[in-house]
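# Architecture at a glance
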Amino acid sequence: MSQSTVPGNPLRRNLLVGSAAAIAGSITAIGSAQAAVTTPAKGKPAVTHNIITTKDGTQIFYKDWGAGQPIVFHHGWPLSGDDWDAQMMFFASKGYRVIAHDRRGHGRSSPSAAGNDMNTYAADVAALAEHLGLRNAIHVGHSTGGGEVIRYVALYGGGGRVAKAVLIGAITPILMKTSDNPDGVPPEVIDGIRTAVVGNRAQFYKEFSSGPFYGFNRTGATVPMGVSDNWVRQGMAGDIKAQYDCITAFSETDFTADLKKITIPVLVLHGEDDQIAPVAGTARRAVKLLKHATLKTYPGFPHGMATTQADVINADMLAFFQS
């Protein structure tokens with residue numbers, strides 16, 4: 001296990017990913033590989049509207065572009081696969097097949113009054129991976145999605161299905177403060193989130209996204225309203241019951257045993273100014289439980305750094321993928 005610290009500004013100038021040339025290249029790559037979106041894996045029936053139906057009848061929406069080694073992106077709470085726009089465009093341009101799903105009850109997936117827990121989330125991902133015939137895949141998870149990645153890899157990642165994993169601002173090994181995790185988030189803070197979601201989730205999402213999520217509440221920060229508005233758009237597209245239940249899933253699930261089971265290489269990326277999943281209680285503990293982990297922390301970077309510092313995060317992931 002190795003560790004390095006990367007200097008950086010909490011609000012880098014670049015909210016987009018790469019250069020104009022890279023974006024143009026990604027558009028070309030996506031356009032030339034559109035057949036991959038509608039052409040099923042060998043021996044599988046055609047899929048319309050990029051939706052699979054799970055055993056309990058829940059419909060899971062996904063995006064699937066390009067060809068090459070697959071990268072599966074797992075979003076945070078209460079967002080959708082759209083939160084990975086910067087990564088999807090960048091890695092498609094680098095010759096990867098990029099896949100992002102909307103967790104049950106989130107985004108364009110169907111409302112879900114049940115199954116809003118990590119075991120079911122992981123089973124949904126397993127169903128999607130099986131449907132798409134994914135092998136040697138890289139799984140990337142942000143925040144709640146990081147927990148989803150770890151549970152999925154621990155339960156279903158064997159047999160050559162998963163090659164590597166990346167955790168970005170992840171909730172692992174457990175987010176909430178406990179006697180074993182004194183640096184975790186206090187239970188009363190989690191309860192406050194529950195109350196705010198039930199009371200007026202639209203207002204809470206607006207304040208959350210324009211405040212601590214991206215570090216926009218820090219002195220001197222400039223708030224790009226498009227970034228905050230897009231966060232709220234994604235959150236409000238989902239089902240309130242599923243999002244409410246997910247608060248318990250992301251705050252109280254203990255991934256300690258899962259982390260100990262994982263033998264593939266894992267890159268752990270975390271902002272040192274993460275106000276949502278503080279680094280001391282999450283990333284610094286998680287790497288001690290993983291067998292083959294590399295930790296990179298970033299001074300001043302916030303929880304949502306995959307968006308606000310996409311140029312740095314994407315470059316570091318690419319280097320890991322190619323190593």
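Now for a quick tour of the structure. Every residue gets a number counted from 1 within its own chain, in the order that chain's sequence is written. The predicted origin of the model limits local features to residues at a pLDDT of at least 70 and limits the giving and counting of side-chain atom pairs to 80 or more, whereas totals for whole chains, interfaces and linings rest on all residues. As a convention, hydrogens and water are excluded, and side-chain values are obtained from all of the structure's heavy atoms.

## Points about the overall build of the protein chain
In this description a helix means any DSSP run of H or I spanning at least four residues, a strand means any run of E spanning at least two, and both kinds are numbered starting from the N terminus. Across its full length, the protein chain holds twelve helices and nine strands. When a residue's accessible area, from a 1.4 Å probe over protein chains only, is under 20% of the maximum for its type it is buried; when over 50% it is exposed; and in between it is partly exposed. The buried share among the 323 residues of the protein chain stands at 56%. We call two residues in contact whenever any of their non-hydrogen atoms come within 4.5 Å of each other. Across the protein chain, contacts joining residues at least 24 apart in sequence account for 79% of those joining residues at least 6 apart. Computed by Shrake-Rupley with a 1.4 Å probe, the accessible areas treat only the displayed protein chains as cover when residues are assessed. Carbon and sulfur atoms make up 56% of the accessible area of the protein chain, which totals about 12700 Å².

## Concerning empty space enclosed by the protein
A water-sized probe, rolled over the atoms, reveals where empty space remains. Cavities and pockets are found on a 1 Å grid laid over the protein atoms alone: a cavity is a set of points where a 1.4 Å probe fits but cannot escape, a pocket is an open set with protein on both sides within 12 Å along at least five of seven lines, and a lining residue has an atom within 4 Å of such a point. Grid points are joined across faces, edges and corners, and a volume is the space filled by probe spheres set on the points. In the structure shown here, the tally under the stated rule is one cavity of 30 Å³ or more. The computed volume of the largest cavity comes to approximately 30 Å³. Asp83, His142, Phe213, His303, Gly304, Met305, Ala306 and Thr307 are the residues that line the largest cavity. Looking at the lining of the largest cavity element by element, the count peaks at three residues for helix H11 (residues 305-308).

## Here we look at the packing of helix H3 (residues 85-93) against helix H12 (residues 310-322)
Contact geometry for H3 and H12: axes closest at 11 Å, N-to-C directions at 45°. Classified by the angle their axes make, H3 and H12 are oblique. Pair H3 / H12 crosses with right-handed handedness. Across the interface between the two elements, Ala86, Gln87, Phe90 and Phe91 of H3 pack against Ala310, Asn314, Met317, Leu318 and Phe321 of H12. The nonpolar class holds Ala, Val, Leu, Ile, Met, Phe, Trp, Tyr, Cys and Pro. Asp, Glu, Lys and Arg form the charged class, and all remaining residues, Gly among them, are polar. Taken together, the residues that form the contact of H3 with H12 break down as seven nonpolar, two polar and no charged. Angles run from 0 to 180 degrees between N-to-C directions of axes, and those axes are lines fitted to C-alpha atoms, restricted for helices to the stretch in contact. Relative orientations are named as follows: roughly parallel for angles under 35 degrees, roughly antiparallel for angles over 145 degrees, roughly perpendicular for angles from 65 to 115 degrees, and oblique for any other angle. Left-handed is the label given to a crossing in which the near helix is rotated counterclockwise from the far helix by less than a right angle, and right-handed is the label when the rotation is clockwise.

## So, the pairing of strand E3 (residues 59-65)
Of all seven residues that make up E3, six are buried, and the element is covered over most of its length. Strand pairing requires that DSSP identify at least two bridges connecting the strands. The pairing of strand E2 (residues 51-53) with E3 spans three bridges and is antiparallel. Considered in E3, the bridge of Thr53 is made with Gln59. Linking E2 to E3, which pair antiparallel, is a turn of five residues; within it Gly57 sits at a positive phi near 90°.

## What about the pairing of strand E7 (residues 162-168)?
With respect to burial, E7 is a largely interior element, seven of its seven residues being buried. Sheet topology places strand E6 (residues 137-142) next to E7; six bridges connect them, and they run parallel. Across the sheet, the residue bridging to Val140 is Val166, located in E7. Across four bridges, E7 lies against strand E8 (residues 266-271) in parallel orientation. Paired with Ile168 across the strands is Leu269, a residue of E8.

## Topic: helix H4 (residues 118-132)
Each helix should span, by expectation, one fewer than its residue count multiplied by 1.5 Å. Relative to the 21 Å expected for 15 residues at 1.5 Å per residue, H4 spans 21 Å between its end C-alpha atoms, a close match to the ideal helical length. Turning to H4, its buried residues are Met118, Thr120, Tyr121, Ala122, Asp124, Val125, Ala126, Leu128, Ala129 and Leu132. With a side-chain oxygen positioned 3.2 Å from the backbone nitrogen of Asn119, the residue opening H4 is Asp117. Backbone geometry just after H4 places Gly133 at a positive phi near 65°. Any pair of N or O atoms that falls within 3.5 Å is considered a polar contact. Within protein, one atom must be able to donate a hydrogen and the other to accept it, and sequence-neighbouring residues count only if both atoms are side-chain atoms.

## Here's the deal with the environment of Asp56
Mapped onto the elements, Asp56 comes out in the loop between E2 and E3. Overall, the relative accessible area of 48% leaves Asp56 in the partly exposed class. When the C-alpha positions of Asp56 and Ala114 are compared, they lie 9.3 Å apart, and in sequence the two are 58 residues distant. At a separation of 3.0 Å, a polar atom in the side chain of Asp56 contacts the side chain of Thr58. At 2.9 Å, the side chain of Asp56 and the side chain of Arg104 are in polar contact.

## Some remarks on helix H7 (residues 225-237)
Given a rise of 1.5 Å per residue, 13 residues ought to cover 18 Å, and the 18 Å separating the end C-alpha atoms of H7 matches this to within 8%. Those residues of H7 not exposed but buried are Val227, Ser228, Trp231, Val232, Gln234 and Gly235. Down the axis of H7, the buried side of the element spans an arc of 160°, and every buried residue falls inside it. Buried-residue contacts for H7 involve helix H6 (187-209), helix H8 (240-252) and H11. Arc definition: it is the arc formed by the directions from the helix axis to the C-beta atoms.

## Observations regarding the layout of surface pockets
Of the volumes computed, that of the second largest pocket is approximately 220 Å³. Taken together, 18 residues line the second largest pocket, and the ones lying closest to its centre are Leu175, Ile193, Phe208, Gln275 and Ile276. Per-element accounting of the lining of the second largest pocket gives the leading share, four residues, to H6. Residue classes in the lining of the second largest pocket are distributed as 14 nonpolar, four polar and no charged.

## Some details on the nonpolar core
Of all hydrophobic cores here, the largest spans 60 residues; its most connected members are Trp77, Tyr152, Phe204, Val266 and Val268. Setting aside chain neighbours within four positions, we find Phe204 in contact with Trp77, Ile193, Ala196 and Val197. Formed by 27 residues, the second largest nonpolar core is a distinct cluster that contains Ile71, Phe73, Phe91 and Ile168. The set of buried Ala, Val, Leu, Ile, Met, Phe, Trp, Tyr and Cys residues whose side-chain atoms join them within 4.5 Å is what this entry labels a nonpolar core.

Fair warning: the whole summary comes from geometry, so function is off the table for now.
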